[in-house]
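Each chain, letter by letter, is given below.
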Amino acid sequence: MKIIDNINLKDYGRFKDIWESPERYALVKNEFREEFAIIDIVDKSYVLIEDEHLEKIVQEKLRENGCKIFNNIRDAIN
């Protein structure tokens, strides 16, 4: 695990349920940039995290836990 600098641990813990549920949450490649979005594939909704650094950590943890990675949103919600 990387060192977590400048992150409120309360905020960090709030998102633990996401990265511990790789069967529910997935990453979708952004078609316009080299970034990912976090998607709830059960409720078919985006997960928005305001803190970009925290969002990257959640994405990294999801990948470590074996989440699915989709090339586009259509594949993720179908």
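Report on the accompanying structure. (Residues numbered from 1 in each chain as written. Predicted model: local features only at pLDDT ≥ 70, side-chain atom pairs only at ≥ 80, totals over all residues. Heavy atoms only, no water.)

### What to know about the nonpolar core
Within soluble globular proteins, side chains that are nonpolar generally end up buried alongside one another. Our working definition: To define a nonpolar core, start from buried Ala, Val, Leu, Ile, Met, Phe, Trp, Tyr and Cys residues and group those joined through side-chain atoms within 4.5 Å. Burial classes: relative accessible area under 20% of the type maximum marks a residue as buried, over 50% as exposed, and values in between as partly exposed (1.4 Å probe, protein chains only). Per the convention used, a helix needs a DSSP run of H or I reaching at least four residues, while a strand needs a run of E reaching at least two, with both numbered from the N terminus. Two residues qualify as a contact provided that any one of their heavy atoms is within 4.5 Å of a heavy atom in the partner residue.
Counting 14 residues, the largest nonpolar core has Phe15, Ile18, Ile38, Ile49, Val58 and Leu62 as the members making the most contacts within it. Sorting the residues of this core by element identifies helix 2 (16-19), strand 1 (25-29) and helix 3 (52-64) as the ones contributing at least two each. Top contributing element to this core by residue count: helix 3, with 4 residues. With residues near it in sequence (within four places) discarded, phenylalanine 15 still touches Ile49, Leu54 and Val58. In terms of nonpolar packing, the next biggest core, distinct from the first, is built from 6 residues, Ile39, Ile41, Phe70 and Ala76 among them.

### Let's talk about the side chain of glutamine 59
Relative to the assigned elements, glutamine 59 resides in helix 3. A residue is classified by how much of its surface remains accessible, and glutamine 59, at 1% relative accessible area, is buried. Discounting residues that sit within four places of it in the chain, glutamine 59 has contacts with Leu27, Phe36 and Ile38.

### Some thoughts on the pairing of strand 1
If a strand is regular, its side chains alternate between the two faces of the sheet. Heads up, the rule is: A pair of strands counts as paired when DSSP detects no fewer than two bridges linking them.
In terms of burial, strand 1 is a largely internal element, 4 of the 5 residues being buried. Summarising the sheet, strand 1 and strand 2 (residues 36-40) pair through 5 bridges and their orientation is antiparallel. Opposite alanine 26, over in strand 2, you have isoleucine 39 as the bridge partner. In this structure, the hairpin formed by strand 1 and strand 2 is closed by a connection of 6 residues. Relative to strand 4 (residues 69-70), strand 1 is paired through 2 bridges, and the arrangement is parallel.

### Re the environment of isoleucine 41
Relative to the elements of secondary structure, isoleucine 41 occurs in the loop between strand 2 and strand 3 (45-47). Note on isoleucine 41: relative accessible area 18%, which makes it buried. Spatially, the C-alpha atom of isoleucine 41 lies 9.5 Å from that of leucine 27, the residues being 14 residues apart in sequence. In this view, isoleucine 41 contacts Glu23, Arg24, Ala26, Phe70 and Ala76; residues no more than four positions away in its chain are not counted.

### Some points on the sheet that holds strand 1
What counts, and what does not: To get an axis, fit a line to the C-alpha atoms, keeping to the stretch in contact for a helix; angles then go from 0 to 180 degrees between the N-to-C directions.
Spatial strand order, 3-2-1-4: 4 strands in an open sheet with mixed pairing. Every interior strand has two partners, whereas the edge strands, strand 3 and strand 4, have only one. In the packing of helix 3 onto the sheet, the strands contacted are strand 1, strand 2 and strand 4, and the crossing angle to strand 2 comes to about 65°.

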